[in-house]
Amino acid sequence: MSAQASIVTRPEELASLSGRLAAAAHLGLDTEFLRERTYRAELCLLQIADTHGPLCIDPLALPSLAPLARVMGASGPVKIMHASRQDIEVLLPIVGMVQPVFDTQIAASLVGMPAQIGYGELVRRMLGVELSKAHTRTDWSARPLTPEQLAYALDDVRYLLPLMRELESQIERLGRGAWLREELAQLADARAYVSDPPSAWTRIKGLRGLDPARARLARELAAWRERRAIERNRPRGWILDDASLRDIVVRAPRSMSELAALESLPPAVLRHCGADILQRLHAADLPSELPPVNLRVRPDPAKSALLRQLSAIHQALAAELALSPEVLATRRDLERLAEGERDVPVLQGWRRAVIGERLLVAL
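A brief look at the structure comes next. (Residues numbered from 1 in each chain as written. Predicted model: local features only at pLDDT ≥ 70, side-chain atom pairs only at ≥ 80, totals over all residues. Heavy atoms only, no water.)

1. Concerning the nonpolar core
- In terms of nonpolar packing, the biggest core is built from 74 residues, with Ile-57, Leu-68 and Val-98 touching the most fellow members.
- Here this core gets six residues from one element, more than from any other, and that element is helix H7 (residues 160-174).
- With sequence-adjacent residues up to four places away left out, Leu-68 is seen in contact with Leu-14, Ser-18, Leu-21, Leu-46, Ile-57 and Val-95. (Core = buried A, V, L, I, M, F, W, Y, C linked by side-chain atoms within 4.5 Å. Buried < 20%, exposed > 50% of the residue type's maximum accessible area, 1.4 Å probe, protein only. Helix = DSSP H or I, 4+ residues; strand = E, 2+ residues; numbered from the N terminus. Contact = heavy atoms within 4.5 Å.)

2. Quick word on the pairing of strand E2 (residues 26-34)
- Burial runs high along E2: eight of the nine residues are buried.
- Two strands pair when backbone bridges link them, and E2 and strand E5 (residues 78-81) are joined in this way by three bridges, in the parallel orientation. Counterpart to Leu-27 in the pairing with E5 is Lys-79.
- Across seven bridges, E2 lies against strand E3 (residues 42-50) in antiparallel orientation. Following the sheet pairing, Phe-33 is matched in E3 by Leu-43. (Pairing = 2+ DSSP bridges.)

3. What about the packing of helix H9 (residues 212-232) against helix H11 (residues 242-251)?
- The N-to-C vectors of H9 and H11 enclose an angle of 145°; their axes lie 9 Å apart at closest approach. Here H9 and H11 pass one another in a crossing that is right-handed. Across from Arg-214, Leu-217, Ala-218, Leu-221, Ala-222 and Arg-225 in H9, the residues of H11 making contact are Asp-242, Leu-245, Ile-248, Val-249 and Val-250. (Axes fitted to C-alpha atoms, helices over the stretch in contact; angles between N-to-C directions. Left-handed = near helix turned anticlockwise from the far one by under 90°.)

4. What about the state of the cysteines?
- Here the structure, examined in full by the defined rule, presents zero disulfides.
- You can see Cys-44 has no disulfide; the closest cysteine sulfur is in Cys-56, sitting 12 Å from it. (Disulfide = S-S within 2.5 Å.)

5. Some remarks on helix H16 (residues 331-338)
- Turning to H16, its buried residues are Asp-333, Leu-334, Glu-335, Leu-337 and Ala-338.
- Elements that come into contact with the buried residues of H16 comprise helix H14 (301-321) and helix H17 (349-362).
- Remark: Gly-340 follows H16 within two positions and exhibits a positive phi of approximately 100°.

6. Observations concerning H9
- Over its 21 residues, H9 extends 30 Å from the first C-alpha to the last, a length consistent with the 30 Å expected when each residue adds 1.5 Å.
- One or two steps after H9, the chain reaches Asn-233, where phi turns positive at roughly 50°. (Expected span 1.5 Å × (residues − 1).)

Quick look at the structure:
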């Protein structure tokens, strides 16, 4: 191995290591990446732990990580990760789909921890170890990495195996193994990690209550922005930020002068993208007259009362099961139920049996 014994930087080291890792039953896995200036994340460091201990792999020093593909695939070891979705997304184009995965954040949420508990806090609560926070904002693309940076990175996987063992024990004691298997199975759907421009508008906050024409415009604009961000490998907010996009959707300008009159639209965006934005406006086929915008829809008294009833059931059951309420259902799940929708997560899988049927009775 290289002079820094905790980091792999040469192809022959990676080839030898991959053979060892492929034979393991479980591996701790984490990544460090940058995406502040790009659409696609740049993988800067890969951390792995097996029974021999933790080490780092330097993707910036290696020509390829192909030897790890067999390790990361379904026939390889169980990869123990914390809040794994972003890491899986980053690794997908480099080593393929990472599976099977044991996500310690998901498992922790099922034994009563906060739904979005961080790795450091989980290690503190379950193992009594206080981790350093000194390098949370490190530029992981800079080289060489200091011994302190490497120590911080290694800690990110050092405790994953003992965390998994403790969490598995608690899950089994609580009889929630089926819940966990169902949650983890969702991580294996590769489609969840690939951008879908036509549905990009659904992730933008503040667009509920749009009339059909403006909803069509929101879809057009968000899809255009997503494709342009992908093509140029730039953050979508650099193409057009959410505030400007919402303003365009609400005001629906019909000409370059009307577009330029929007105070939220930066001059550089108007200069570089104004013509494309107008094309999207025309493609949305807006009627000559649009209804007034009311994104702050007045709550219906009957629906508000129903939502309070659903929330009371939700809170009481979460307390009974000693779970954070959002593990069972989100506020938006309950709102959608009150609005008459039925294709919602709380009515699917284990949640339907645990809470969904009770909510349906209330409805």
